[in-house]
Amino acid sequence: MKQVPLQHVHEALGAKMVPFAGFNMPVQYEGVNIEHETVRNGVGVFDVSHMGEFLLTGEKALDLIQKVSSNDASVIKIGKAQYACLPNDKGGIVDDLIIYRIKEDQYLLVVNASNIDKDWDWISKHNDMGVDMRNLSDDYALLAIQGPKSIEAMQSLTSANLSEIPFYGFEVADFAGIDNVIISATGYTGSGGFEIYCKNDEVEQIWNKVFEAGKSFGIKPIGLAARDTLRLEMGFCLYGNDIDDTTSPLEAGLGWVTKFTKDFINSDNLKKQKEEGVKRKLVGFELLEKGIPRHDYEIVDKNGNTIGKVTSGTMAPSLGKGIGLGYVAMEHSKVDSEIYIRIRKNDVPAKVVKTPFYKK
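Residues numbered from 1 in each chain as written. Predicted model: local features only at pLDDT ≥ 70, side-chain atom pairs only at ≥ 80, totals over all residues. Heavy atoms only, no water.

Chemist: Describe the pairing of strand S3 (residues 23-28), with residues and values.
Modeler: Within S3, five of the six residues are buried, which leaves it mostly tucked inside the rest of the structure. Two elements, strand S1 (residues 2-3) and S3, share two bridges in a ladder whose sense is parallel. Counterpart to Gln3 in the pairing with S3 is Asn24. In this sheet, S3 lies alongside strand S2 (residues 16-20) in antiparallel orientation, the contact comprising five bridges. (Buried < 20%, exposed > 50% of the residue type's maximum accessible area, 1.4 Å probe, protein only. Helix = DSSP H or I, 4+ residues; strand = E, 2+ residues; numbered from the N terminus. Pairing = 2+ DSSP bridges.)

Right, here's the structure in full:
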């Protein structure tokens, strides 16, 4: 079991630690609902140092990224980032990731912790262009400072103007007394904020200063359980639940990051799928009665016939109702379609809704 550099800090704070993606991670501190509301209304800090980082450098770096990524990385300007996925050659997804353009010929790829080795092998396998690849995953830490009060709470720690960093933009600047930190206006909560990339031996100083600066704003440490409820309220996909090696990006609603203006791995087959239409679709749904949908629960029609399955589900803290994502046959995918979630032996009525579930 790997450990993040701040493990001793989380344990001292009384975090409940659990194995996640091969790491010992803080799942909660005070409780999911309190932590969730802290991020929705104030500011909270997640330690997501388990995530992977690959640095790609060279005049062919963009060509390699264009080959392995579904999105069009040629439009990324220096100081900007892009969400994308890595299609496999069988119609599914190797991983989803964020691509940062650091310099003219240098890119940082941020990948999911559970897929670090798989992604590295996949991209390396397709690197027949002499691109210099460095796996920085074991050397870098990542803190996500999220919530509507993030800018105000953190501005005193940096000379960068945080309010001027656009969504999916970043600056390499001083932060909490450390130089050359990536301050990125990204995150997976839907409540605004930043992600801070730094070296392992710098993260404790940054963590301490972040909590000092945020004290008067009610800042709290937030665990992975609240990260999951926050992302689900936004309808964001989680790799391993809602997308995986068997799910097409088009089925998953990721057509917006699947650009057929260029060739990429399996693009011909995905283009054909787009033209012919998919047979199932990832939809958001909310329960119309009490209940909590869970991963792998069956989705059925009014006659009890199986039409799909739940990929993610929870009791949404901001909404006070059961919500989820799941794949259903196309004829049941329209908004307001009546579906049922089989919870134990009861078929609980639900309806298909447009995501995000949570609207600010």
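Chemist: Describe in detail the state of the cysteines, supporting the description with residues and values.
Modeler: Summed over the entire model, instances satisfying the criterion amount to zero disulfides. Cysteine Cys85 is unpaired, with the sulfur of Cys237 as its nearest cysteine sulfur at 9.6 Å. The class of Cys85 is buried, set by a relative accessible area of 0%. (Disulfide = S-S within 2.5 Å.)

Chemist: Explain the pattern of salt bridges to me, using residue names and the numbers behind them.
Modeler: The final tally for this structure, using the stated rule, is 15 salt bridges. Residue Asp89 pairs with Lys90 through a salt bridge whose shortest N-O separation is 3.5 Å. Classification of Asp89 as partly exposed rests on a relative accessible area of 42%. Since its relative accessible area comes to 73%, Lys90 is described here as exposed. For Lys321, the salt bridge goes to Glu286, with nearest N and O atoms at 3.3 Å. One end of the pair, Lys321, is in strand S18 (residues 321-329); the other, Glu286, is in strand S15 (residues 280-287), and 35 residues separate them in sequence. Since its relative accessible area comes to 30%, Lys321 is described here as partly exposed. In the salt-bridge network here, residues are joined through shared partners; they are Asp228, Arg231 and Asp242. (Salt bridge = Lys/Arg side-chain N within 4 Å of Asp/Glu carboxyl O.)

Chemist: Now, about the nonpolar core: what can you tell me, with residues and values included?
Modeler: Soluble globular proteins: nonpolar side chains tend toward being buried together. Counting residues in hydrophobic clusters, the biggest one holds 43 residues, and the most contacted among them are Phe46, Val48, Tyr100, Leu108, Ile243 and Leu254. At the level of elements, S3, strand S6 (81-87), strand S7 (93-103), strand S8 (106-111), strand S10 (140-146), helix H7 (224-233) and S18 are the ones that each hand at least two residues to this core. Once residues lying within four places of it in the same chain are set aside, the contact partners of Leu108 are Glu53, Phe54, Leu55, Ile98, Ile99, Tyr100, Ile102, Leu136 and Ile182. Of all hydrophobic cores here, the second largest spans 33 residues; its members include Leu6, Ile165, Ala176 and Ala213. (Core = buried A, V, L, I, M, F, W, Y, C linked by side-chain atoms within 4.5 Å. Contact = heavy atoms within 4.5 Å.)

Chemist: So what about the side chain of Ser337? Which residues, and what values?
Modeler: Its location among the elements puts Ser337 in the loop between S18 and strand S19 (338-343). In this structure the side chain of Ser337 is engaged in a polar contact, spanning 2.7 Å, whose partner is the backbone oxygen of Lys334. (Polar contact = N/O pair within 3.5 Å; in protein donor to acceptor, adjacent residues only side chain to side chain.)

Chemist: Tell me about the packing of helix H2 (residues 32-41) against H7, residues and numbers included.
Modeler: How two helices sit against one another is set out by the angle between their axes and by the gap between those axes. Relative orientation of the contacting elements H2 and H7 amounts to 55°, with a least axis distance of 8 Å. Accordingly, the angle class assigned to the pair H2 and H7 is oblique. Like other packed secondary-structure pairs, H2 and H7 cross with a definite hand, here right-handed. On the side of H2, the interface is formed by Val32, Glu35, His36, Val39 and Arg40, while H7 contributes Ala225, Ala226, Thr229, Leu230 and Glu233. Classifying every residue of the contact of H2 with H7 by side-chain character gives five nonpolar, two polar and three charged. (Axes fitted to C-alpha atoms, helices over the stretch in contact; angles between N-to-C directions. Parallel < 35°, antiparallel > 145°, perpendicular 65-115°, else oblique. Left-handed = near helix turned anticlockwise from the far one by under 90°. Nonpolar A, V, L, I, M, F, W, Y, C, P; charged D, E, K, R; others polar.)

Chemist: Describe the packing of aromatic side chains, naming the residues involved and giving the relevant values.
Modeler: Taken as a whole and judged by the stated rule, the model has eight aromatic pairs. For the ring pair Tyr83 and Trp256, a centre distance of 5.7 Å and an interplane angle of 20° mean the geometry is stacked. With Tyr83 in strand S6 and Trp256 in the loop between H7 and helix H8 (267-276), this residue pair connects regions lying 173 residues apart in the sequence. A relative accessible area of 10% places Tyr83 in the buried class. (Phe/Tyr/Trp six-rings, centres within 6.5 Å; stacked < 30°, edge-to-face > 60°.)

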